[in-house]
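# Chains, contacts and geometry: an overview
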Protein chains: 2
Amino acid sequence: MTIHHGISPDVLAALEGVLGQSGVAADAAGMARYLGDWSGDHHGGALAVLKPASVAEVQAAVRLCGTLGLAMIPQGGNTGLVAGAIDIGTSRGAVVISLERLNSIRLVDADNFILQADAGCILQHIKDAAESQDCLFPLALGAQGSCQIGGNAASNAGGVNVLRYGMARDLIVGLEVVLPDGELWSGFSGLRKDNRGYDLKQIFIGSEGTLGIITGVEVKLFPKPGRVETAYLGLASFEAAITLFRQARRGCSDLISAFEIIGSECMGLARLVDPNIVAPVTAPVHVLIELSSSAAIDLRTLLVDFLAGAIEKHLVTDAVLAESGAQAMAFWSIREGLVEGQAKRGYHVRTDLSVRISDIPTLIAQARQFVALEHPDWLPQAYGHAGDGNIHFNVLPPLDLAEPESRARGVKITAGLYDIVNALGGSISAEHGIGRTRQRVYWAGLSPVHRRLVGALKNTLDPNGLMNPGCLFPSMETVS
Amino acid sequence: MTIHHGISPDVLAALEGVLGQSGVAADAAGMARYLGDWSGDHHGGALAVLKPASVAEVQAAVRLCGTLGLAMIPQGGNTGLVAGAIDIGTSRGAVVISLERLNSIRLVDADNFILQADAGCILQHIKDAAESQDCLFPLALGAQGSCQIGGNAASNAGGVNVLRYGMARDLIVGLEVVLPDGELWSGFSGLRKDNRGYDLKQIFIGSEGTLGIITGVEVKLFPKPGRVETAYLGLASFEAAITLFRQARRGCSDLISAFEIIGSECMGLARLVDPNIVAPVTAPVHVLIELSSSAAIDLRTLLVDFLAGAIEKHLVTDAVLAESGAQAMAFWSIREGLVEGQAKRGYHVRTDLSVRISDIPTLIAQARQFVALEHPDWLPQAYGHAGDGNIHFNVLPPLDLAEPESRARGVKITAGLYDIVNALGGSISAEHGIGRTRQRVYWAGLSPVHRRLVGALKNTLDPNGLMNPGCLFPSMETVS
């Protein structure tokens, strides 16, 4: 439920005094696009949306909010899936601080494989800037055309290339952060290796805006791969897919840049986006595998030989190699169509589970069985980043179910899936974070000592509890 | 200076009550091997050495020390180079808590590429356990035969394979830590990807025992490379070496597992260890390059072709490819001989600098010029992990200089080298940490806001300041 408090003229004038009129929106029309998330699932309220145009303006805004006792919600591209950057549930008003006007790439240093950017830079622009210098910035998400690097850092974003290059955390060399008291902590260095004491940036990465506002990010670049090979495979089972993954890690020398699994039941979703999509294979389980390397390696022969062996061992029942970049893109459009197709179906249960890689088949089997037994009219969809143990097990309501009822059922289905993943020792959030949609179940699952440490960090860095309240923590009262 | 306080019979009895007689040493003979570091540079004092045999005993010991107000110094293999695990300078006595009896490998899970071990496990034993399952644990240091994985985690150890596999931080999936109040925080999960809120393990990695005692470490394994190719190269300059590195990153597809540079002046040191060592090349700058991959890649052709191109461009003046594992080991023994050779020379200035990779030639040129002008009788030695921007620029005193005087001069030389690296925006500690030998210069170089954050973390997690006092922080008084 969204509770919206009006902003007083005095507060508005004070905010405009710091940020100028163009830096503050407090009317419904001006705020609208900052208050709904990408999925359409969540809409929030805000006293105002602040749009600082410089790091100094972020500092000034944070100081003023501190003085006024205003809660602050830092916001990047607002493409997150857990309502981490919109105020969907707190009982008091807050201001959204959008970083979108801090959108300069500060440095592309291909000699040192380093790039520095403002937090508000769109991920795709950073990838393009890297590519223009024959480099790769490997973070790759469906939302890369609109998500921002600051949000990627704050949420420790994942995506399809984690297997090879790691999460956002692994790609970040330095951060610049405005602390809750408005002070600027700058941790840019351009150094690839630096072991001077506590690595403070680690605290802010993945903290979802609860400890400060990231204003700049320094990342690692990689040589742009000279070759990429992509294949779309059919397999008999998820067990076979996991066995194939293990053999691929060894056989393909960790040149695998993506290893996605898709249950064949998901194909209908992809066709919602493009009715002409035809899966390249017919099999219960599909695998999209991508290798990448320098031009000096005969990557195609490597992949062909590896797949020939897997087919001979009956591990792979069908395999189609992309003969062109266009065909590879067509394979990827199937994978990406799943997410878009789900969104077209409106509200649905969306999870982001991880387990030990070897437990993936069990997770999917138990989750399917649970849905079949208890919610047989719902449609389960299993796909994900198998190499990371990360499965998006999503469940679509029947088409004729009205939304209030489907949401109520969705809560129960989600809880059932979380029970399954918890019993397997897995995680309810492999990459999406906690935000406001998962904070209660997250908090409930923590050990007392873990809870105490998390709360102590929060209280130490944000003693007044003004940074993104309601996100990560169920309420400030439970933190202390 | 070492100040040793005797331990009172009551305190000794209380410690023995918790750990048994075999778990406590308080006599000079029993404590000796825990009080001097590997380099022989530093000797510390302690009230007692505690040797808990289980995690529960670590907890009990920490609780008792808390009650008694005893400072605690966690200690792994004691192979660090910055006196992080011995009490060389504090004015009050402390107990050393050795983790050596916690030395079981708990789990080797090759299916999920995960290994779990007690903190006291020797790194080499972990590497061997991984290899026995056809896996690689890539952390590789000169001290791997005696350093412990808990110390590797606490110091965020580096080494020769950082370029490919990262620092200890990048290899750690989970930690188990006894907190300063004796509570156990357990962060083992077996998950490759988990984005549930603050990543607490990051706080303890690299904290050098100042925030708790690591009792268990969970690490990533990799497929054991089926092929390794090693070459020893001669180049005209460090500039050429950096250019070669950049081209190698692109040309060899990030299959480079090591790229070490060695100034030819260092050869005399290697010969102190083995007088028969002959450098395979004659050139001002030597490069030891290692590639590794699965057996499916023709790595030798890749390396030969790459080097042929580099020779044609006159970037490499001489190249010798290892024709056997034995020859590759001989190349490595030159590199490793540098460290041992220096140790044989006794006290010397030992640094661990990092700069942007492109600044390496400038760093070395300025450092050499400084020594030549101001300390012309000292011998500079430049070598290091060039791909990480990490240079060990060490300086050996003249053979006829008495140690008290050489140490006094060494302080000045170190300060001069730190001035040079600071002016280049570099780090005084690329991988060795801060410990007790660098804590003043570290602290002096921090911005006020960084200092405040570091102090706040320490005060929050260790409010009584009992964990490894004197390490990282110049004194507790300056922290608050």
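In this text the structure is predicted, and so the values were computed from the model without any measurement. (Residues numbered from 1 in each chain as written. Chains lettered and ligands numbered in written order. Predicted model: local features only at pLDDT ≥ 70, side-chain atom pairs only at ≥ 80, totals over all residues. Heavy atoms only, no water.)

## Topic: the overall build of chain A
On a plain count of helices and strands, chain A comes out with 16 helices and 18 strands. The C-alpha extent of chain A, read off along each of the three principal axes, is 75 × 55 × 45 Å. In chain A, buried positions account for 62% of the 480 residues. As displayed, chain A has an accessible area near 16,700 Å², and 53% of this comes from carbon and sulfur atoms. Measuring between centres, the 37 positive side-chain charges of chain A sit 4 Å from its 48 negative side-chain charges. (Helix = DSSP H or I, 4+ residues; strand = E, 2+ residues; numbered from the N terminus. Buried < 20%, exposed > 50% of the residue type's maximum accessible area, 1.4 Å probe, protein only. Areas by Shrake-Rupley, 256 points an atom, 1.4 Å probe, with all protein chains shown as cover. Lys, Arg positive; Asp, Glu negative; His and termini not counted. Charge placed at Lys NZ, Arg CZ, Asp CG, Glu CD.)

## A short note on the packing of helix α9 (residues 238-251) of chain B against helix α13 (residues 360-374) of chain B
To characterise two packed helices, one gives the angle between the axes of the helices and the distance between these axes. Residue and element names in this part refer to chain B. Axis separation between α9 and α13 bottoms out at 8 Å; the angle between their running directions is 160°. Put simply, α9 runs roughly antiparallel to α13. In this structure, α9 crosses over α13, and the sense of that crossing is right-handed. Across from F238, E239 and I242 in α9, the residues of α13 making contact are I360, P361, I364 and R368. Among the residues making up the contact of α9 with α13, the classes are represented as 5 nonpolar, no polar and 2 charged. (Axes fitted to C-alpha atoms, helices over the stretch in contact; angles between N-to-C directions. Parallel < 35°, antiparallel > 145°, perpendicular 65-115°, else oblique. Left-handed = near helix turned anticlockwise from the far one by under 90°. Contact = heavy atoms within 4.5 Å. Nonpolar A, V, L, I, M, F, W, Y, C, P; charged D, E, K, R; others polar.)

## A word on the interface of chain A and chain B
Between chain A and chain B, the residue contacts involve 84 residues of the former and 84 residues of the latter. Both faces considered, chain A and chain B share a buried interface measuring about 6,800 Å² in area, 56% of it formed by carbon and sulfur atoms. A salt bridge links R246 of chain B to D111 of chain A, with the nearest nitrogen and oxygen atoms 3.7 Å apart. Summed over the shared surface of chain A and chain B, the result is 43 residue pairs in polar contact (both at pLDDT 80 or more). Elements with a contribution of two residues or more to the side of chain A that touches chain B: α7 (168-171), β9 (184-186), α8 (201-204), β11 (222-223), α9 (238-251) and α16 (448-461) of chain A. (Buried area = accessible area lost by both parts, 1.4 Å probe. Salt bridge = Lys/Arg side-chain N within 4 Å of Asp/Glu carboxyl O. Polar contact = N/O pair within 3.5 Å; in protein donor to acceptor, adjacent residues only side chain to side chain.)

## Comments concerning the sheet that holds strand β1 (residues 24-25) of chain A
Residue and element names in this part refer to chain A. If you trace the 4 strands from one edge of the open sheet to the other, you get β1-β2-β4-β3, paired in mixed fashion. Bordering the open sheet on either side are β1 and β3 (71-75), each of which pairs with just one other strand. Set on the sheet, helix α2 (residues 28-35) makes contact with β1, β2 (48-50), β3 and β4 (94-98); between it and β2 the angle comes to about 70°. (Pairing = 2+ DSSP bridges.)

## Quick word on the relation of the copies chain A and chain B
Superposing chain A onto chain B takes a rotation of 180° plus a shift of 0.0 Å along the axis, which leaves an RMSD of 0.0 Å. Taken together, the rotation and translation relating the two chain copies correspond to the operation of a two-fold axis. Residue Q202 of chain A, judged by its C-alpha, is the member of chain A lying nearest the rotation axis, at 3.1 Å. (Least-squares fit on C-alpha atoms with pLDDT ≥ 70 in both.)

## Some words on α16 of chain A
Its 14 residues place the ends of α16 of chain A 20 Å apart at the C-alpha level, agreeing with the 20 Å of an ideal helix rising 1.5 Å per residue. Buried within α16 of chain A we find V449, H450, L453, V454, G455, L457, K458 and L461 of chain A. Buried residues belonging to α16 of chain A abut α8 and α15 (439-444) of chain A together with β9 (184-186), α8 (201-204) and α16 (448-461) of chain B. (Expected span 1.5 Å × (residues − 1).)

## Examining the confidence of the model for chain A
As a note on interpretation, predicted positions should not be read in detail where pLDDT is low. Averaged over all residues, the pLDDT of chain A equals 93, while 97% of them reach at least 70. Here residues 476-480 of chain A is a poorly scored stretch, pLDDT under 50, and it has 10 contacts once near neighbours within four places are set aside; other chains count. (pLDDT = per-residue confidence, 0-100.)

## Notes on the sheet that holds strand β1 (residues 24-25) of chain B
Within a sheet, adjacent strands bond to each other through the backbone by hydrogen bonds, running parallel or antiparallel. Residues and elements named next belong to chain B. Strand order in the open sheet formed by 4 strands is β1-β2-β4-β3, and the pairing between neighbours is mixed. What marks the edges here is a single partner per strand, and that holds for β1 and β3 (71-75). With 2 bridges joining them, β1 and strand β2 (residues 48-50) adopt antiparallel strand pairing. Of the residues in β2, the one forming a bridge with V24 is L50.

## Some words on the domain arrangement of chain A
Looking at the assigned domains, one finds that chain A contains domain 1 (9-98), domain 2 (105-223), domain 3 (227-343), domain 4 (353-423) and domain 5 (441-478). Here domain 2 of chain A and domain 4 of chain A have C-alpha centroids that lie 32 Å from each other. (Domains from an automatic or database assignment.)

## Details of empty space enclosed by the protein
Tallied over the entire structure, the rule returns 4 cavities of 30 Å³ or more. A volume near 80 Å³ is recorded for the largest cavity. Along the walls of the largest cavity sit 13 residues, with S253 and D254 of chain A together with R164, P223 and P225 of chain B positioned nearest its centre. Listing elements by their share of the lining of the largest cavity, those giving two or more residues are α9 of chain A together with α6 (162-165), β11 (222-223) and β14 (285-293) of chain B. Its residues assigned to classes, the lining of the largest cavity shows 4 nonpolar, 4 polar and 5 charged. Lining the second largest cavity we find L453, A456 and L457 of chain A together with L200, I203, F204, T460 and L461 of chain B. Among the secondary structure elements, those contributing two or more residues to the lining of the second largest cavity are α16 of chain A together with α8 and α16 of chain B. Per-element tally for the lining of the second largest cavity: the top contributor is α16 of chain A, with 3 residues. For the lining of the second largest cavity, a count of residues per class yields 7 nonpolar, 1 polar and no charged. (1 Å grid on protein atoms, 1.4 Å probe; cavity = no way out; pocket = protein on both sides within 12 Å on 5 of 7 lines; lining within 4 Å. Points joined across faces, edges and corners; volume = space filled by probe spheres on them.)

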